[in-house]
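Each chain, letter by letter, is given below.
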Amino acid sequence: MSLSPTINKSKRPPLPAWYRSLSEYEKPSTYRAVRQLLNTLIPYAGLWAVMGWMLTHGISYGFVFPIALLAGCLLIRVFIFFHDCGHESFFASAKANKFFGYLTGMLVFTAFEDWRRPHARHHATAGDQDRRGVGDVWTMTVDEFKATTPFNRFLYQVYRTPIFMFTFGPAFMFLIGNRFPHRGVTKREQLSTLYTNMGLVVIATLLSLAMGFQNYLMIQLPVMITAATIGVWMFYVQHQFEGTSWAHHDEWNPIQAALQGSSYYKLPKLVQWFTGNIGLHHIHHLRPRIPNYNLQRCYDEVPAMQSVKPLTFLHSLKSLNMHLWDEENQKLISFYEYHRRAKK
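The written sequence of each chain sets the order in which its residues are numbered from 1. Only residues with pLDDT of at least 70 are given local features in this predicted model, and only at 80 or more are side-chain atom pairs given and counted; all residues enter the totals for whole chains, interfaces and linings. Where side-chain values are given, they derive from all heavy atoms of the structure, hydrogens and water being excluded.

1. Points about helix H8 (residues 162-175)
What counts is decided by this rule: Numbering of helices and strands runs from the N terminus, with a helix taken as a DSSP run of H or I at least four residues long and a strand as a DSSP run of E at least two residues long. Each residue after the first adds 1.5 Å to the expected span of a helix. Take the seven residues that end at a residue and the seven that start at it, fit an axis to each, and the angle between those axes is the bend at that residue. Using a 1.4 Å probe on the protein chains alone, a residue whose accessible area is under 20% of its type maximum counts as buried, one over 50% counts as exposed, and one in between counts as partly exposed. The criterion used for residue contact is that any of the two residues' heavy atoms lie within 4.5 Å.
Spanning 14 residues, H8 covers 19 Å between terminal C-alpha atoms, matching the ideal 20 Å at 1.5 Å per step. The principal kink in H8, of about 40°, is found at Gly-169, preceding the proline Pro-170 by one to four residues. Those residues of H8 not exposed but buried are Met-165, Phe-166, Gly-169, Pro-170, Ala-171 and Phe-174. Contacts made by the buried residues of H8 are with helix H3 (61-86), helix H7 (150-159) and helix H10 (213-237).

2. Quick word on the pattern of salt bridges
Filter applied, for reference: The salt bridge criterion pairs a side-chain nitrogen of Lys or Arg with a carboxyl oxygen of Asp or Glu, the two atoms within 4 Å.
In this structure the tally under the stated criterion is 14 salt bridges. With its nearest N and O atoms 2.8 Å apart, the salt bridge here joins Asp-128 to Arg-131. Across the salt bridge formed by Glu-337 and Arg-340, the nearest N and O atoms sit 2.7 Å from each other. Note that Glu-337 and Arg-340 are positioned in helix H16 (residues 335-342) at a spacing of three residues, about one turn of the helix. One network of salt bridges, in which partners are shared, links Glu-88, Glu-113, Arg-116, Arg-188 and Arg-289.

3. A look at the packing of H3 against helix H4 (residues 94-107)
For clarity, the cut-off: Note on method: axes are straight lines fitted to C-alpha atoms, helices fitted across the in-contact stretch only, with angles between N-to-C directions ranging 0 to 180 degrees. Two helices cross in a left-handed way if the nearer one is turned anticlockwise from the farther one by less than a right angle. They cross in a right-handed way if the turn is clockwise. Classes in brief: Ala, Val, Leu, Ile, Met, Phe, Trp, Tyr, Cys and Pro nonpolar; Asp, Glu, Lys and Arg charged; the others, Gly included, polar.
One way to put it is that H3 packs onto H4 with a least axis distance of 8 Å and a crossing angle of 145°. As H3 runs across H4, the sense of the crossing is left-handed. Contact with H3, carried on its side by Leu-75, Val-78, Phe-82 and Cys-85, involves Asn-97, Phe-100, Gly-101, Thr-104, Gly-105 and Leu-107 of H4 and no other residues of that element. Of the residues belonging to the contact of H3 with H4, the class tally is six nonpolar, four polar and no charged.

4. Re the side chain of His-239
Inclusion rule: Pairing of N or O atoms within 3.5 Å defines a polar contact, subject to two protein rules: one partner must be a possible hydrogen donor and the other a possible acceptor, and residues neighboring in sequence count only if both atoms are side-chain atoms.
By secondary structure assignment, the location of His-239 is in the loop between H10 and helix H11 (254-261). Overall, the relative accessible area of 11% leaves His-239 in the buried class. Among the polar contacts made by the side chain of His-239, one reaches the side chain of His-285 at a distance of 3.2 Å. Setting aside its immediate chain neighbours within four residues, His-239 contacts His-122, Ala-126, Thr-244, Gly-261, Ser-262, His-281 and His-285.

5. Remarks on the nonpolar core
Note the threshold: The definition of a nonpolar core used throughout is a set of buried Ala, Val, Leu, Ile, Met, Phe, Trp, Tyr and Cys residues joined through side-chain atoms within 4.5 Å.
Judged by nonpolar contacts, the single largest core of 53 residues is most densely connected at Tyr-44, Met-51, Leu-75, Phe-90, Ile-219, Val-223 and Tyr-265. Counting only elements with at least two residues in this core, the list comes to helix H2 (30-56), H3, H4, helix H5 (112-125), H8, helix H9 (187-211) and H10. Residue contributions to this core peak at 12 residues, all from H3. Discounting residues that sit within four places of it in the chain, Val-223 has contacts with Tyr-44, Met-51, Ala-68, Ala-71, Gly-72 and Leu-75.

6. Brief notes about the environment of Leu-332
Following the sequence through the fold, Leu-332 ends up in strand E5 (residues 331-333). Judged by relative accessible area, which is 11%, Leu-332 ranks as buried. Among all residues touching Leu-332, those that are not within four sequence positions of it are Thr-139, Gln-240, Phe-241, Thr-244, Met-322, Leu-324 and Trp-325.

7. Quick word on the sheet that holds strand E1 (residues 140-141)
We count it as follows: For two strands to count as paired, DSSP must find a minimum of two bridges between them.
Read from one edge of the open sheet, three strands run E1-E4-E5, paired in mixed fashion. The two strands at the open ends of the sheet, each matched to only one other strand, are E1 and E5. Bridging between E1 and strand E4 (residues 324-326) involves two bridges; their strand directions are parallel. Bridge pairing in E4 links Thr-141 to Trp-325. On top of the sheet, H16 reaches E4 and E5; it is set at about 85° to E5, its chief contact.

8. Structural notes on the packing of aromatic side chains
Using the following cut-off: Stacked, tilted and edge-to-face pairs are distinguished by plane angle, under 30 degrees for stacked and over 60 for edge-to-face with tilted covering the rest, among Phe, Tyr and Trp rings (Trp via its six-membered ring) whose centres lie within 6.5 Å. Whether a charge lies above a ring is judged from NZ of Lys or CZ of Arg, which has to be within 6 Å of the ring centre and within 35 degrees of the ring normal.
Following the criterion strictly, the structure yields 28 aromatic pairs and no others. Ring geometry for Trp-18 and Tyr-19: centres 6.3 Å apart, planes at 65°, overall edge-to-face. Judged by relative accessible area, which is 15%, Tyr-19 ranks as buried. Taken together through their ring pairs, the aromatic side chains of Trp-138, Phe-145, Tyr-156, Tyr-159, Phe-164, Phe-335 and Tyr-338 make up a single cluster. Seen from the ring of Tyr-19, Arg-287 lies directly overhead, with NZ or CZ sitting 4.7 Å from the centre.

9. Some points on a nonpolar patch on the surface
So the rule is basically this: Note on patches: the residues involved have over 30% relative accessible area and no salt bridge, like charges join within 9 Å, and the nonpolar side chains Val, Leu, Ile, Met, Phe, Trp and Tyr join within 5 Å. Surface accessibility in these figures is a Shrake-Rupley result with a 1.4 Å probe; residues are shielded only by whichever protein chains are displayed.
A contiguous nonpolar patch, built from Trp-138, Phe-151, Phe-154, Leu-155, Val-158, Ile-163, Phe-164 and Phe-168 and spanning about 800 Å² of accessible area, is present on the exposed surface. The set of elements that each furnish at least two residues to the nonpolar patch consists of H7 and H8. A per-element tally of the nonpolar patch places H7 first, with four residues. Here Val-158 is to be found in helix H7.

Here it is, written out as structure tokens:
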């Protein structure tokens, strides 16, 4: 399965000289991959053990809950390993990527094979206005919103509210939605979902026997919801931000889409560690096979990567008020702006 963007060769300009040099950073390192697994999975398991011990020994949940939030942050990092395995970039070995893809997929409640296909589609179509809708955030243009039914407008506005998109939506997607394969999947992808669900049942059963089912839920739910909420926010702001770029397919160019339509989300170093360097998203979309542990080095050593204006956390909050793509002015606008114009 190819996870690289499809390039419209008839419209493609010559590749810049620096683009080919990025292949140097695509080389996986078994040492670095194993080190990342150890420095994340061991603390993650340790936090679970501590929380389980605390709950079974009658310690107040008020002391357990903050630890669950920390474990949720570690789970975001686990998802990045899962993500890299999906791109076949975490290990040099395809078998190792598949094995750890399935393993980490169980931890993040996501079937490895079933997830890869829509994510591959996302990479092949990011910033392409004519091929939206698979593996990305539902985004309507102003004209589409105006032309659709009142009921669809209502659904879209609910979908775009922060309370839905970053709380109920992520929880539903990871806990319930991911239990079912996508439409039109292959048998292998169906089996991937089945195996992941079976693995989750086994894990939940073993942990419930060790600490009680209620205690399991009191740990697993906040851990999963924390990771899902922050993860969805990261995915959202990587393409839905002030200054992002969209183009119709005939004019779409993957390099421009990566550099102008994917953000460089500059985060504090500790947050960058927890999120597996995925904030360097413009580089990831340029070359999806660059593993997370090489993204920062690529940024530091390739001047062209530094030309993208960083998106800070405070500035990224403006994305919460960006709902519709305004083709005429080539920017995202709010529902408020849409209705204000409609009244004129």
